[in-house]
Amino acid sequence: MPPYTPRVVRACKRPASSQQVSHSHPDSRIGELLEEESNSRRCNAQVAFETSSQPYQLALWRDRVAQWCYDIVDHLNAPRDTVYLAMNFLDRSVAFAIMEGTMTKEEYELSSITCLFLALRVSTKADLKISDLLQICQSRLQVKDVQTTGSRLIQKLSLKTPMISPSSFARCYLNLLQSSVPPDMVVSLLEMACYLVELSVCDHFFAFVPPSKLAFAAVCVCVTSEQGGLQLNPT
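Just so we're clear, the structure is a prediction, and the values are computed from it rather than from any experiment. (Residues numbered from 1 in each chain as written. Predicted model: local features only at pLDDT ≥ 70, side-chain atom pairs only at ≥ 80, totals over all residues. Heavy atoms only, no water.)

## What about empty space enclosed by the protein?
Point 1. Applying the stated rule across the entire model yields two cavities of 30 Å³ or more.
Point 2. Reported here for the largest cavity is a volume of approximately 180 Å³.
Point 3. Together, 17 residues line the largest cavity, and Tyr84, Asn88, Phe206, Ala207 and Val209 are the ones closest to its centre.
Point 4. The set of elements that each furnish at least two residues to the lining of the largest cavity consists of helix 2 (26-41), helix 5 (81-100), helix 10 (183-201) and helix 11 (211-228).
Point 5. It is helix 5 that provides the largest number of residues to the lining of the largest cavity, a total of four residues. (1 Å grid on protein atoms, 1.4 Å probe; cavity = no way out; pocket = protein on both sides within 12 Å on 5 of 7 lines; lining within 4 Å. Points joined across faces, edges and corners; volume = space filled by probe spheres on them. Helix = DSSP H or I, 4+ residues; strand = E, 2+ residues; numbered from the N terminus.)

Set out below in structure tokens:
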């Protein structure tokens with residue numbers, strides 16, 4: 001396992017651009033996202049994951065790794081959606097590994113770091129090297145180990161199929177409220193919805209829930225709390 005695992009997922013101030021809600025037509029954009037989500041959930045790796053059953057120990061490791069990933073992406077100043085992508089990669093790779101046999105703690109660590117690296121390369125333009133990530137993680141793994149695992153996962157995980165994060169849906173859902181809700185409140189609701197999504201990423205139970213449903217539930221909780229005067233303070 002990675003040597004450092006934080007205890008809680010911390011809310012983090014995101015750049016203003018990442019909090020802005022799109023001004024494109026929300027209905028059409030939601031339809032596009034739903035179609036992309038449907039395509040991604042039909043790929044073999046996703047089907048294998050959703051029909052698999054992970055041992056309890058693996059579920060514990062997964063939740064710890066998700067929290068650790070947030071620390072890494074914050075350190076790199078990378079989008080926090082990267083963690084959702086990394087954990088989806090990890091869940092699917094573990095499902096294949098279970099089908100083929102068992103998975104040791106060392107193999108899980110290797111898969112975790114490899115999936116995070118792949119997610120960072122997919123979601124950011126940063127020229128991150130494997131050696132740099134291993135140094136940040138304080139891992140004793142070798143670059144060649146991550147390269148070999150990465151090549152194998154790229155073949156299995158259908159990475160050419162776009163993965164949609166819950167925050168993309170949340171932005172579109174909240175875009176529907178722009179005509180009746182002040183802009184600053186929309187941004188506040190989006191920030192809180194994204195935080196709730198980040199919490200769900202750290203819980204194996206929610207790994208099987210489609211991103212569209214996760215986002216809808218998060219937005220509903222935030223809107224209901226705002227209407228009821230409740231304070232959901234992530235700090």
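There's plenty left to go through after this.
## Some points on the environment of Ile164
Point 1. Tracing the backbone shows Ile164 in the loop between helix 8 (143-156) and helix 9 (166-175).
Point 2. Take Ile164: its relative accessible area is 8%, and that puts it in the buried class.
Point 3. Ile164 sits 79 residues away from Leu85 along the chain, and the two C-alpha atoms are 8.4 Å apart. (Buried < 20%, exposed > 50% of the residue type's maximum accessible area, 1.4 Å probe, protein only.)

## What to know about the packing of aromatic side chains
Point 1. Under the definition given, this model contains four aromatic pairs.
Point 2. With a centroid separation of 5.5 Å and 55 degrees between ring planes, the pair formed by Trp61 and Tyr108 is classed as tilted. Taken as a pair, Trp61 in helix 4 (residues 56-76) and Tyr108 in helix 6 (residues 105-123) lie far apart in primary sequence, 47 residues in all. With respect to class, Trp61 is no different from Tyr108; both count as buried.
Point 3. Plain terms: the ring middles of Phe205 and Phe206 are 5.1 Å apart, the flat faces sit at 85 degrees to each other, and that makes the pair edge-to-face.
Point 4. Using a relative accessible area of 58% as the deciding quantity, one classes Phe205 as exposed.
Point 5. The structure contains a cluster of three or more aromatic residues connected by ring pairs, namely Phe169, Tyr173 and Phe216. (Phe/Tyr/Trp six-rings, centres within 6.5 Å; stacked < 30°, edge-to-face > 60°.)

## Description of unusual backbone geometry
Point 1. Positive phi is not limited to glycine here, since Asn77 has a value of about 60 degrees.
Point 2. Here Gln138, not a glycine, exhibits a phi torsion of approximately 55 degrees, which is positive.
Point 3. Residue position: Gln138 is located in the loop between helix 7 (130-137) and helix 8.

## Observations concerning the side chain of Ser139
Point 1. Here Ser139 shows up in the loop between helix 7 and helix 8.
Point 2. Among the polar contacts listed, one links the side chain of Ser139 to the side chain of Glu109, at a separation of 3.3 Å.
Point 3. Engagement of the side chain of Ser139 in a polar contact is seen with the backbone nitrogen of Leu141, the distance being 3.1 Å.
Point 4. Here Ser139 is in contact with Glu109, Ile113 and Leu134, once residues within four sequence places are set aside. (Polar contact = N/O pair within 3.5 Å; in protein donor to acceptor, adjacent residues only side chain to side chain. Contact = heavy atoms within 4.5 Å.)

## Some thoughts on the environment of Glu191
Point 1. Tracing the backbone through its elements, the reader meets Glu191 in helix 10.
Point 2. In this structure the C-alpha to C-alpha distance between Glu191 and Ala170, which are 21 residues apart in sequence, comes to 9.7 Å.

## Details of the nonpolar core
Point 1. Trp68, Met87, Tyr108, Leu116 and Leu133 are the most contacted members of the largest nonpolar core, which has 41 residues in total.
Point 2. For this core, the secondary structure elements donating two or more residues are helix 4, helix 5, helix 6, helix 7 and helix 8.
Point 3. Formed by 21 residues, the second largest nonpolar core is a distinct cluster that contains Phe169, Tyr173, Cys194 and Tyr195. (Core = buried A, V, L, I, M, F, W, Y, C linked by side-chain atoms within 4.5 Å.)

## A few points about the pattern of salt bridges
Side chains that carry opposite charge are capable of pairing whenever their charged atoms lie near each other.
Point 1. Within this structure, the stated rule accounts for five salt bridges.
Point 2. Across the pair Arg29 and Glu32 runs a salt bridge, and its minimum N-O distance is 3.0 Å. Of this pair, Arg29 and Glu32 are both found in helix 2, three residues apart, which corresponds to roughly one turn of the helix.
Point 3. Taking relative accessible area as the criterion, Glu32 reaches 40% and is therefore assigned partly exposed. (Salt bridge = Lys/Arg side-chain N within 4 Å of Asp/Glu carboxyl O.)

These results come straight from atomic positions and should not be treated as a statement about function.
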